[in-house]
Amino acid sequence: MSGAPPEKKRRRYGKAVCALLLATSVFALLRPAQPYAQVTELRGEISESAILDDQQRKTRQLSIAQDQTAQAGATTQSTAPTPTYQPASPGAVRDDDAAPATGSIFDPPEATDDPFADAPVPVPPRRPSSTTQGAADQDEAAETQAATATTAPTDDEDTAETDPINSRAVTIDSADRQQLDPGAERAEAIEGRDRRAEDDPFAATGIKLGSFVIRPTLEQGLTASSNADSSTEGKPALLSETALRFNAVSDWRENSAVIDGYGIFLKTISGDEVQEARGRVDGTLNVDLDNDLRAIARLGYEAAPESASSPVVIEGTVEQPVRQTIDGSLAVEKDAGKMRFALTGAVEHDIYGDARLSTGGTLSQKDRDSTLYTATLRTGYEISPAITPFTEVEIGRRVYDLRVDSNGFERSSTRLGVRAGAELDLGEKLAGEFSAGWLREAIDDDRLPAISGATVNADLRWSPERGTTIGLIGQTTVEGTTTPDESGDILYSGLLTGEREIRANLIGNAALGVGWRDYVGSDGHDLILSAEAGLTWWLNRYAGLTTRARTEKQTSNLEGRDYTAHSIFVGVTLQP
């Protein structure tokens, strides 16, 4: 019988394979290799307290090592070798084999006689826990602070020794981003910011009426005067004084109009009986015409008792007669290059009321009523935007309503005058004009000499500094008379004014006046001196307190014309 059956052979072969696999498994289990649990550093459950203690111990060891390094570095010369690099976080790299064990539960296992140790299998690093990461961050911060303290430059060291490579780049907006001050006030919203301060916070706001802005002012107070009617035999009195002033300015786009006016009312409260009213209204219209032409029209009206210093003396009167003046002018101006041309026509009409006599009744003054017609041609040349010299020629005719007065004299006259001067325009600093010349009025009656003399006129405003304004007004006036055998006189008057804004709500003003009257045909003359000073204290924009003191004195070489008057005013000023 030959060999075993095939099925038995397959069984024997299978058993042999199983035996070989079993022997191989036993050999692998008996191989002397370190456990995989030790390779992955997992040896069972570890408590959080153990991990924390271990990290604290490492931190202390690191601090001691840093202190020793710092002490050693202080005594080591600059040629000492560079210290071995130490990572910022413990455990970042594996320690050398010769490094001694620290006794931590995380120390790697000691090497064994492993035949396969030449190529150990790389083990993926385990992600540190939150506690471990926090401790590492603390270690890094402590090490950084210590390094900063030991390497911070002193005052005498050059800051250029810092390493520019590791310096942090500056952002584009770093110059605009400033560190906030914790004590700074909170910034206000845009809509809540304060408005711009006004140049004159106590100026009148005005009343809008149509296309005009009207700024009225009411002044009410008491005046104590040593000479109530400013006469030679005047007596003291306490007067109630009311003054109404207004200014109206148009709000037109091209042309402009201005209206100014005032009214003053005096009435005796005690003392010498005085009841007086005076006022004036002036209007100016500026219109731009074609071909670089400008038209300026003026119209005015004034009503006031005749001044006590008038050259006409009426004997036995209770009060001075009222004088009314209506005046108007029309001027046309044209600029041709630097040449300036102006032609002005003017009319002035004086009306005198009847004088009340102390004996009763009235005395007519119609023989003093007259009308003055004048035409003036001005030619100027602008040598600079600030100065324009000019010359003027004036012709005119004074016509009395009565060709022959009550004394049988024909007082109508022909007027001729020439002047030369300059216009100044330096903005707010200095503006205005001045002129000097000669004027002559030839009276129709051959028995009366002509009135002639030099003329001086000025209207200047000077501001030496902000809040201060100095004004100078000078006039030369020809005054007629109805006194027999007298032609009249020439009155030279000047007024110097000053206004100072002491504070925003305190305004001071002062004025000095002088007048000289020269009588034609005689050696008579009058000298008038005056001075005034006042203060206005604004309580608010709409109300203020006003006070002023004034003195006036006239001396003459003619009998019965000297007088002196002093007065003090105290009152309140209101404006809307």
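A quick note: this is a predicted structure, and the numbers were derived from the prediction, not measured.

**Overview of empty space enclosed by the protein**
Consideration 1: Within this structure, the stated rule accounts for one cavity of 30 Å³ or more.
Consideration 2: Its boundaries defined by the atoms lining it, the largest cavity holds a volume of some 80 Å³.
Consideration 3: Arg398, Tyr400, Arg411, Ser413, Glu441, Ile443, Ile451, Val478, Gly480, Thr481 and Ser487 together form the lining of the largest cavity.
Consideration 4: By residue class, the composition of the lining of the largest cavity is four nonpolar, four polar and three charged.

**Some words on the pattern of salt bridges**
Consideration 1: Applying the stated rule across the entire model yields 33 salt bridges.
Consideration 2: Between arginine 340 and glutamate 382 there is a salt bridge, with its nearest N and O atoms 2.5 Å apart. Pair noted here: arginine 340 is in strand E9 (residues 339-352) and glutamate 382 is in the loop between strand E12 (370-381) and strand E13 (387-400), with a separation of 42 residues, a long-range link.
Consideration 3: One salt bridge in this structure joins aspartate 445 and arginine 447, with 2.9 Å as the shortest N-O distance.

**Things to note about the confidence of the model for the protein**
Consideration 1: Residues at a pLDDT of 70 or more form 72% of the protein, whose mean pLDDT is 81.
Consideration 2: In this model residues 115-119 is a low-confidence stretch, pLDDT under 50, and it forms one contact with partners more than four residues away in sequence or in other chains.
Consideration 3: Segment residues 149-162: pLDDT under 50, and one contact once partners within four positions in sequence are set aside and those in other chains are kept.

**A look at the packing of aromatic side chains**
Consideration 1: Counted by the stated rule, this structure contains one aromatic pair.
Consideration 2: Where phenylalanine 212 meets tryptophan 252, the ring centres are 5.7 Å apart and the plane angle is 75°; that geometry is what we call edge-to-face. Note that phenylalanine 212 is positioned in strand E2 (residues 212-225) and tryptophan 252 in the loop between strand E3 (237-250) and strand E4 (256-271), a separation of 40 residues in sequence.
Consideration 3: One Lys or Arg, arginine 378, reaches over the ring of phenylalanine 390 and ends 3.8 Å from the middle of that ring.
Consideration 4: Over the ring of phenylalanine 569 we find arginine 548, and its NZ or CZ is 4.3 Å from the ring centre.

**So, the environment of threonine 232**
Consideration 1: In this structure, threonine 232 sits in the loop between E2 and E3.
Consideration 2: Sequence-wise, threonine 232 and tyrosine 563 are 331 residues apart; in three dimensions their C-alpha atoms are separated by 4.8 Å.
Consideration 3: A polar contact of 3.4 Å, which involves the side chain of threonine 232, links it to the backbone oxygen of aspartate 562.

The rules we used
Residues numbered from 1 in each chain as written. Predicted model: local features only at pLDDT ≥ 70, side-chain atom pairs only at ≥ 80, totals over all residues. Heavy atoms only, no water. 1 Å grid on protein atoms, 1.4 Å probe; cavity = no way out; pocket = protein on both sides within 12 Å on 5 of 7 lines; lining within 4 Å. Points joined across faces, edges and corners; volume = space filled by probe spheres on them. Nonpolar A, V, L, I, M, F, W, Y, C, P; charged D, E, K, R; others polar. Salt bridge = Lys/Arg side-chain N within 4 Å of Asp/Glu carboxyl O. Helix = DSSP H or I, 4+ residues; strand = E, 2+ residues; numbered from the N terminus. pLDDT = per-residue confidence, 0-100. Contact = heavy atoms within 4.5 Å. Phe/Tyr/Trp six-rings, centres within 6.5 Å; stacked < 30°, edge-to-face > 60°. Lys NZ or Arg CZ within 6 Å of the ring centre and 35° of its normal. Polar contact = N/O pair within 3.5 Å; in protein donor to acceptor, adjacent residues only side chain to side chain.

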